[in-house]
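Coordinate inspection notes
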Amino acid sequence: MYTGAAGAVTPTGVTKVSRVTGATPAGEFLPNPNQTHANHEVYGTDLGIVWDKGGGEVFVLFGDTFGAGWCGNGGCGTGWRSNVLARSSDTNLADGLTFSSMVQDYARHAKEVLPSKKINNDEITVIPTAGVTVGSRHFIHYMSIHHWGEAGRWYTNYSGLAYSDDNGQTWVKHANARWWNNASWTNNFQMAALVKNGGFVYLYGTPNGRYGNVHLARVPEGALLDINAYRYWDGNGWAVSQAASQPVAIGIAGELSVSYNAALGRFLMTYLNEHRQAAVMRDAGTPVGPWSGEKILALGSQFPGLYNAFIHPWGSTATSLYFVMSQWTPYNTFLMRATLVADADGDNLLSEPGFESQSATPVTAPWYPVGNAGVDRNVGQARTGQDNGFVRYDSGWNALKQSVVVQPHTDYTLRGWVRTSANNTTGYFGARGPGNGPILGERAFASLPAYTEQVVTFNSGPNAIVEVYGGLWATEDTWLQLDDVSLKRGTNLVAHAGFEQQASTSATSPWYADGNAGIDRGAGFARTGANNAWARGTQGWHAIKQEAAVTPHTRYTLKGWVRTSGAHNDGYFGARLPRGGPVLSEVHYTQPLSGYTQLSVSFDSGANHSVELFAGLWASGTDTYIQVDDVTLTRD
């Protein structure tokens, strides 16, 4: 029985199930069902991106591939193809991942499906990063590599989409479905993971290399090749401009994979964190999050040279996760299995809250030191478990800090347990804007001889990222110990709930207008604060609306305060499926509301991960209006 929020889980007990590609070396006893060196001239390759292609098969897509002249280590040798593609109908992953075929250009030779120039500082290679199938058309997201940099860094010309209508045998790089990189090599959508959900394809993007945050876009399934149809998550809603995008998860993220685990009703995200030298996993109840903190999936100390963890869509159950992982040595791919166990603290947004998987002192990611700080490893100083963080020095500001994605203008509660030396007088625990930005909330403390819980509530303000910290100012040898830290979002799921952050009289993300609607800013009509929303017209439907992320099969209560003109007789307040979908629940108010009146509806989210909240009216020949303020959506 899972006790965590929405089936939240933690991976444990990761093991190698089988080799996927390459020849079996002496001393290895893993199953090797594909023998790709003999059957397809694939001696060395990496990645192994898996997606359901329909027809009872998955595609398995690989990166730079080498043949009989492979050098035996890393990406080098002869027989070079920038990418190759396999098909598999294997549903029994317990004994390995068996191919049914590979796309070939001639007998027993895997074909390069996306060509590249192979010219350094122009286009050295074309690497796939994700795949998805919509109907009978298959899509590959790929990146055009301009040149390789130092380990973990590379630089792209652009990323783009290619498609196939003949079961993957031939592919067309669409000329316009591309995200061009910029002069500073920092475009956030150069690598991707693709997930279908609710009529959309969600595109999770990272910059080139392995050191960026995770951003998000989405597009209707039928418009994947229309670059203008994509909308970008701006922290609260969906924006037309890519420049408005905000992260959904903090990197250090390389070779991203995202999949929906239907057994859990939860999205899983995996990637390589170079700073932690580990493949990590996050999970969330909705595509936009909030995403949990990182959880260790596989350690480099256990699997040297590991990178990527591409989730197999058929291998996710409530208790298991199958994924394909690469190792630089021997530059080949392996099927892995992890056991998923309940995570009762699944709504904690912080990574490594108890410092238990820190492998070194001074402190390593995801906590970072300011001044002198580190980790007490199994020295009997922890509150729980065996490890805790510490800060200690004889002068200046010294702290531990971690950056985390938040929803702007949203309430949060930060908790952590602290104890200090007897001479501490100026300790602080709190949250601030990114880059040592303004303090959003903090708690001061002096000497704490025993671990004492510190609780800070704050509003994120305009920030999509905040820094959580625990530290002290020292003038003599002074120390602080920190353990069991958590950051959790408030209960209201409506963004800009009181319309105070709306900067224009026109509704802006996350609020949108149907017909004639907008924002009263400082006009004296608000129930609380300075602003409220309105809808007004003489004919037809007029409403203010917002899309909210929800967990499937969950009860919610929507409340809001509404008043109307005297001529009003046909208003609605409720929740429906996005894009004009069926109404889940609504209240129909037919009498004028001369003063603000609270309206309330309850509904079940069904199989959906998002709903549209609305307040509106039908006008029939008479000038009619409603005003709306202080909207809340809470989970029952």
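Scroll up a little and you will see the structure.
Residues numbered from 1 in each chain as written. Predicted model: local features only at pLDDT ≥ 70, side-chain atom pairs only at ≥ 80, totals over all residues. Heavy atoms only, no water.

Judged by how many residues are buried, strand S10 (residues 154–164) sits mostly within the fold: 11 of 11 residues are covered. Bridging between strand S9 (residues 137–148) and S10 involves 10 bridges; their strand directions are antiparallel. Residue pairing for S10: Tyr142 is matched across the bridge by Gly160. Hairpin geometry of S9 and S10 is characterised by an intervening segment of five residues between the two adjacent antiparallel strands and by a positive phi of about 80° at Gly152. (Buried < 20%, exposed > 50% of the residue type's maximum accessible area, 1.4 Å probe, protein only. Helix = DSSP H or I, 4+ residues; strand = E, 2+ residues; numbered from the N terminus. Pairing = 2+ DSSP bridges.)

All told, the structure shown has one disulfide when counted by the stated rule. The disulfide bridge from Cys71 ends at Cys76, spanning 1.6 Å between sulfur atoms. Cys71 gets classed as partly exposed once you look at its relative accessible area, which sits at 44%. (Disulfide = S-S within 2.5 Å.)

On to unusual backbone geometry. For the peptide bond that leads from Thr329 to Pro330, omega is 25°, which places it in the cis range. Positionally, Pro330 belongs in the loop between strand S22 (320–327) and strand S23 (332–342). A cis amide bond links Ser509 to the next residue, Pro510, at an omega of 15°. Examined against the element boundaries, Pro510 turns out to sit in the loop between strand S33 (478–489) and strand S34 (511–514). A positive phi angle is found at Glu255, which is not glycine, with a value near 50°.

Adjacent strands of a sheet pair through backbone hydrogen bonds, lying either parallel or antiparallel. Strand order in this open sheet of five strands is S24-S27-S32-S29-S30, and the pairing throughout is antiparallel. The open sheet is flanked by strand S24 (368–370) and strand S30 (439–445), the only strands paired with a single partner. Each strand axis lies, on average, 20° off the axis of its neighbour in the sheet, ignoring direction. Pairing geometry for strand S29 (residues 427–432) and S30, over six bridges, is antiparallel. Of the residues in S30, the one forming a bridge with Tyr428 is Ala444. (Axes fitted to C-alpha atoms, helices over the stretch in contact; angles between N-to-C directions.)

What follows concerns the nonpolar core. If you look at soluble globular proteins, the nonpolar side chains tend to sit buried side by side. By size, the foremost hydrophobic cluster in this structure holds 32 residues, and its most contacted members are Ile544, Leu558, Leu613, Ile626, Val628 and Leu633. Of all the secondary structure elements, the ones that give two or more residues to this core are strand S35 (517–521), strand S36 (531–549), strand S37 (555–564), strand S38 (571–576), strand S40 (597–604) and strand S41 (610–635). A total of nine residues in this core trace back to one element, the largest contributor, which is S41. With near-sequence residues (within four places) excluded, Ile626 lies in contact with Ala533, Trp534, Ala535, Val562, Arg563, Thr564, His568, Tyr589, Ala615, Gly616 and Leu617. Formed by 27 residues, the second largest nonpolar core is a distinct cluster that contains Leu350, Leu448, Phe458 and Leu472. (Core = buried A, V, L, I, M, F, W, Y, C linked by side-chain atoms within 4.5 Å. Contact = heavy atoms within 4.5 Å.)

Everything listed is a geometric property; what it means functionally is a separate question.
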